[in-house]
Amino acid sequence: MSAKLNKLEEILRPVVEGLGYEFWGVEFRSQGRNSILRLFIDDQENGISIEDCEKVSRQVSGVMDVEDPIQNEYTLEVSSPGMDRPLFTLEQFSAWAGYQVSIRLRMAFEGRRKFQGILKGTEDGDVVVVVDDHEYLLPFESIDKANIVPVFE
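Residues numbered from 1 in each chain as written. Predicted model: local features only at pLDDT ≥ 70, side-chain atom pairs only at ≥ 80, totals over all residues. Heavy atoms only, no water.

S.K.: Which parts of the structure should I look at to understand the nonpolar core?
M.R.: The nonpolar side chains of a soluble globular protein tend to be buried, and buried together. Membership of the largest hydrophobic core comes to 19 residues, with the highest contact counts inside it found for L87, F93, I103, F115, L119, L138 and I143. Contributions of two or more residues to this core are made by β4 (100–109), β5 (112–123), β6 (126–131), β7 (134–139) and β8 (143–148). Beyond its immediate sequence surroundings of up to four residues, L87 is in contact with W24, Q92, F93, W96, V101, L119, A146 and I148. Judged by nonpolar contacts, the second largest core, of 18 residues, contains I11, V15, L37 and V78. (Core = buried A, V, L, I, M, F, W, Y, C linked by side-chain atoms within 4.5 Å. Buried < 20%, exposed > 50% of the residue type's maximum accessible area, 1.4 Å probe, protein only. Helix = DSSP H or I, 4+ residues; strand = E, 2+ residues; numbered from the N terminus. Contact = heavy atoms within 4.5 Å.)

S.K.: What is the right way to read the side chain of Q92 from this model?
M.R.: As for its position among the elements, Q92 is in helix α3 (residues 90–95). Given a relative accessible area of 7%, Q92 falls into the buried group. Here the side chain of Q92 touches W24 through a polar contact of 2.9 Å, landing on its backbone oxygen. When residues no more than four places from it in sequence are discounted, the contact partners of Q92 are W24, P86 and L87. (Polar contact = N/O pair within 3.5 Å; in protein donor to acceptor, adjacent residues only side chain to side chain.)

S.K.: What is the right way to read the packing of helix α1 (residues 3–18) against helix α2 (residues 50–67) from this model?
M.R.: For any two helices packed against each other, the geometry comes down to the angle between their axes and how far apart the axes lie. Running from N to C, α1 and α2 cross one another at 140°; their axes reach a closest spacing of 10 Å. As far as their axial angle goes, α2 and α1 are oblique. Between α1 and α2 lies a crossing of right-handed hand. Facing α1, whose interface residues are L8, I11, L12, V15 and V16, α2 presents V56, Q59, V60, V63, M64 and E67. A class-by-class count of the residues in the contact of α1 with α2 yields nine nonpolar, one polar and one charged. (Axes fitted to C-alpha atoms, helices over the stretch in contact; angles between N-to-C directions. Parallel < 35°, antiparallel > 145°, perpendicular 65-115°, else oblique. Left-handed = near helix turned anticlockwise from the far one by under 90°. Nonpolar A, V, L, I, M, F, W, Y, C, P; charged D, E, K, R; others polar.)

See the structure below:
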């Protein structure tokens, strides 16, 4: 995780948890005037409503105005992780073992950057995923983006 994301998590986690929600993760996409700060919150028991997102957004906006960790203009988005929930930590990868996952790496690993298969969990700091009967141990620090693939029955 980049230093900027670490700093954002350090600022935002206590705000989210202080409001009674689970801090799921944070993304920041720097694109000049169109930069986006995306904050994911969760509540395993009750789910997340629009009102929950609004409540967290108001608190986070106030804290971000005071702390000012992002110098440029940005749009704040607060949402639930949703059905295609992004995975940010090794603990999340372990907890969602058995689910279909889509992973994109920063750099190619064994000749490819994209993997979609069954998440087996973690092993010694690597993420274990099975794609077409082949097990891959992907270095966690190489993962750019990972999401659960929703299954509709």
